[in-house]
Amino acid sequence: MTTPRIAFIGAGNMAASLIGGLRAQGTDASAIRASDRGAEQRNKISAEHGIETFASNAEAIQGADVIVLSIKPQVMKEVCLDLAAHIGEQQLVVSIAAGISCASLENWLGPRAIVRCMPNTPALLRQGVSGLYSNAQVSPAQRQQAEQLLSAVGLALWLDQEAQIDAVTAVSGSGPAYFFLLIEAMTAAGEKLGLPRETAAQLTLHTALGAARMAVASDVDASELRRRVTSPAGTTEAAIKTFQADGFEALVEKALNAAAHRSAELAEQLGQ
Ligand SMILES: NC(=O)c1ccc[n+]([C@@H]2O[C@H](COP(=O)([O-])OP(=O)(O)OC[C@H]3O[C@@H](n4cnc5c(N)ncnc54)[C@H](OP(=O)(O)O)[C@@H]3O)[C@@H](O)[C@H]2O)c1
C-alpha cells in the first residue's frame, strides 16, 4: 500500500499529536500537510514536524487522500461549507471532532466517505484510545488508512453503529478525567491518613499506572484481578466493601449515562 497523503484542517493539539505519531511511525513529512488560521500555530507545527502548512484550508487539501478535520466542533459547519466545493470524490474525510455526526458532515460536504473518530487526551503522549465509525461509502482501503492514522496515537477500535460514539465519549473520551478525580480523592485521603501530600500523590499515581499496566497485560479481567488481591477479612476487602455499600458501581453507571446523554445532546445542537 502506498503512503496516503494526509491533510489536517486545524493544526492544534490533536493534529500535532497525530502528526507526531505519524512521523514517529515513519511517515514522510512530504506526505503530510496542515492548515490553520493562526500563523503562529502554522509556524510551530511546520518547525516541529517539517511539514508544509497553509493559511487556506482549500489549498491544504489539494492532492490529499485523507482529510482530517481537527478543528473544534463549533467551527466545523463553517469550515465544511467552505471546503465542500473543493473536496474530490475520492478523498476520505476523517473527523475527530466531538459531537458532529456523519449526517451533519454529509449535509455540509455532500454525500461521501466519512470516518468519525473519538480519540482521548492521552493521545498527546501516544497512549490514547479511539473509537472509529465508518459510513457505508468508506472502502476497505480507506478504513485501513483511518485505522493507521489513529493507531499512530494509541489503540484504535472500530464500532458497528455511529450511536456507540456517545458511549465511547462516556467511557474513554471523558474517562481520563474520572481517573484524575479518583487520583485527587485518593491523594487527599492519603494525606488525611498522615502521609505528606507529595508522598500520597506519588503513591496514588504509581498505583494507578501499575494497576492499569497489570490489567492491560493480564489475560484475566479486572474483576478476577481484584478478587486475587482481596483476601478475606483483609485491608483491601474493608475498602472495597465500603465503596460497594455506598453504591459505587451504580454511581459510575449514572455518571457515564450522564456523559453519554450530554454527548448526544451536544451532537443535536452542533449538527444543526
Ligand atoms: N484534545 C483532545 O483530547 C480531544 C479528544 C477528542 C476529540 N478532540 C477533538 O479534536 C478536535 C481538535 O481539538 P484540539 O484540542 O486539537 O483543538 P485546538 O488545539 O483548538 O486545535 C484546533 C486548531 O484549529 C484552528 N482553527 C480554528 N478555526 C479554523 C479554521 N476556520 N480553519 C483552520 N483552522 C482553524 C484553531 O485556531 P484558533 O486557536 O485560532 O481557534 C486551532 O489552532 C476538536 O474537534 C475536539 O473535539 C480532541
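Residues numbered from 1 in each chain as written. Predicted model: local features only at pLDDT ≥ 70, side-chain atom pairs only at ≥ 80, totals over all residues. Heavy atoms only, no water.

> Honestly, the pattern of salt bridges in this entry has me stumped. Any pointers?
As a working rule, side chains carrying opposite charge can pair if their charged atoms are close by. What the rule picks out here adds up to seven salt bridges. Ionic pairing is found between Lys241 and Glu237, a salt bridge with its closest N-O pair at 3.7 Å. Here Lys241 and its partner Glu237 are both found in helix H11 (residues 235-245), four residues apart, which amounts to about one turn of the helix. On the basis of relative accessible area, Glu237 is assigned to the partly exposed category, the value being 22%. A network of salt bridges, in which partner residues are shared, links Glu224, Arg227 and Arg228. (Salt bridge = Lys/Arg side-chain N within 4 Å of Asp/Glu carboxyl O. Helix = DSSP H or I, 4+ residues; strand = E, 2+ residues; numbered from the N terminus. Buried < 20%, exposed > 50% of the residue type's maximum accessible area, 1.4 Å probe, protein only.)

> Would you mind showing me how to read helix H8 (residues 175-192) here?
Every α-helix winds through 3.6 residues per turn, so residues three or four apart in the chain are directed the same way. Between the first and last C-alpha of H8 there are 26 Å, a value that for 18 residues agrees with the 26 Å anticipated at 1.5 Å per step. Along H8, the residues that are buried comprise Gly175, Pro176, Ile183, Thr187 and Gly190. Along the axis of H8, the buried residues cluster in a sector spanning 115 degrees; they form a single face. Exposed side chains of H8 directed beyond 90 degrees from the buried face belong to Leu181, Glu184 and Lys192. (Expected span 1.5 Å × (residues − 1). Arc of directions from axis to C-beta.)

> When you look at the UniProt feature "domain: Pyrroline-5-carboxylate reductase catalytic N-terminal" (unreviewed entry) in the chain in this model, what are you seeing that I'm missing?
As recorded in UniProt, the feature "domain: Pyrroline-5-carboxylate reductase catalytic N-terminal" (unreviewed entry) lies at residues 5-99. Secondary structure content for residues 5-99 is 40% helix and 20% strand, and the end C-alpha separation is 26 Å. (UniProt positions renumbered as here; feature names shortened; annotations may be inferred.)

> Just checking my understanding: could you explain the side chain of Ser70 for this structure?
Within the secondary structure, Ser70 is located in the loop between strand E4 (66-69) and helix H4 (73-83). At 2.7 Å, the side chain of Ser70 and the backbone oxygen of Gly10 are in polar contact. Dropping the residues within four chain positions of it, Ser70 is found in contact with Phe8, Ile9, Gly10, Ala15 and Ile96. (Polar contact = N/O pair within 3.5 Å; in protein donor to acceptor, adjacent residues only side chain to side chain. Contact = heavy atoms within 4.5 Å.)

> What am I meant to see in a nonpolar patch on the surface here?
A grouping of Phe179, Leu182 and Met186 is seen on the molecular surface, where their side chains present a nonpolar patch of about 290 Å² in accessible area. By the element assignment, Leu182 lies in helix H8. (Patch = residues over 30% accessible without salt bridge, like charges linked within 9 Å, V, L, I, M, F, W, Y side chains within 5 Å. Areas by Shrake-Rupley, 256 points an atom, 1.4 Å probe, with all protein chains shown as cover.)

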